[in-house]
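Coordinate inspection notes
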Amino acid sequence: KAGVTQTPRYLIKTRGQQVTLSCSPISGHRSVSWYQQTPGQGLQFLFEYFSETQRNKGNFPGRFSGRQFSNSRSEMNVSTLELGDSALYLCASSLAGGRTEAFFGQGTRLTVV
Amino acid sequence: KNQVEQSPQSLIILEGKNCTLQCNYTVSPFSNLRWYKQDTGRGPVSLTIMTFSENTKSNGRYTATLDADTKQSSLHITASQLSDSASYICVVSALNNQGGKLIFGQGTELSVKP
C-alpha cells in the first residue's frame, strides 16, 4: 500500500513569489491535513480538508490556502512568499480526520530567499 | 486552552540504556493520544495511539502509558539504539464537531550516543 506522497521534496523560491505544494494521500483516506514545521515553532496546523471541504483551520494568514480534489489529492498554495515561510511543510492523511490515525508524508522543504 | 507539553526538551543517553519521555496535556474533550517519532528532515511516523480506556501500549522497544485522570503520558524506550536518535512528538486528538483536531507537543529531541 503506497504511503503519503508529497511533491516536490525541495523547493527554493524568491520573496514575493507564490508556490504550490502537492499531497497524494493513502488510497481510501478522505482527510488531508497540512502542517508547517520550523525549528523554533514545532509543528503548526494549517488546515484540514475532508471530502473536498475545508473542515478545520489553524491560525495562519490568508496567504496560505489549500484545496482538495475529488480523488482526495490536496494542494497547498502560499502567495507573496516571505522569508519566514521557509519551513518543512508536511501533509498527513487519515481515514476520517482527527480521531483516526494520521500518516505523514516526507514533507516539502521550502526555502525562501 | 488546549495544550500539550513535553519534557525534557532534549535528552542524551548512552546506547543500551533506557529512557522515559513525558507528556502532559490539557486537552478537552479528549479523543486519543499518539506518540510519533520523527527523524531529521523526514515526516513523523506513528509509534502508538491510545484511547481514554487504554493505559499502556507497546510497539517493540517502545512502551507508552496513559493516565487519563492526571492527563499524563510517558514513552519508555528500552535498550536504546543509535537509530532511536530522533524527535519524539506527543500528539493529543481533541474532539470537535469537525472530525477532531490534533494538538502537538514541541517534541523531545533524543540523542543516543555510542
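The following refers to the structure shown. (Residues numbered from 1 in each chain as written. Chains lettered and ligands numbered in written order. Predicted model: local features only at pLDDT ≥ 70, side-chain atom pairs only at ≥ 80, totals over all residues. Heavy atoms only, no water.)

Concerning the overall build of chain A
Definition in use: The secondary structure listing takes helices from DSSP runs of H or I that are at least 4 residues long and strands from runs of E that are at least 2 residues long, numbered from the N terminus. Here the radius of gyration uses the C-alpha set of atoms, whereas the globule reference equals 2.2 Å times the residue count to the power 0.38. Buried, partly exposed and exposed residues are distinguished by accessible area as a fraction of the type maximum, computed with a 1.4 Å probe on protein chains only: under 20%, between the cut-offs, and over 50%, respectively. Whether two residues are in contact is decided by their heavy atoms, any of which lying within 4.5 Å being enough.
Of regular secondary structure, chain A possesses zero helices and 11 strands. In chain A, the succession of α and β elements from N to C terminus is β-β-β-β-β-β-β-β-β-β-β. A compact globule built from 113 residues would reach a C-alpha radius of gyration of about 13 Å, and chain A, at 13 Å, matches this within 12%. Across its three principal axes, chain A shows a C-alpha extent of roughly 35 × 25 × 25 Å. Expressed as a percentage of the 113 residues in chain A, the buried residues total 50%. Sequence separation of 24 or more characterises 54% of the internal contacts of chain A that already satisfy a separation of 6 or more.

Thoughts on the pairing of strand β9 (residues 86–94) of chain B
Residue and element names in this part refer to chain B. Stated precisely, the cut-off is as follows: At least two bridges found by DSSP between two strands are what make those strands a pair.
Within β9, nine of the nine residues are buried, leaving the element largely enclosed by the surrounding structure. Side chains Ala-86, Tyr-88, Cys-90, Val-92 and Ala-94 of β9 all project onto a buried face; the interleaved residues Ser-87, Ile-89, Val-91 and Ser-93 project onto the opposite face, where all are buried too. Bridge analysis of β9 against strand β11 (residues 108–113) gives three bridges, and the strand direction is antiparallel. In the sheet register, Ala-86 faces β11, and the bridge partner there is Leu-110. Relative to strand β10 (residues 101–104), β9 runs antiparallel, the two sharing four bridges. The residue of β10 that forms the bridge with Ser-93 is Leu-102.

By themselves these figures say nothing about function.
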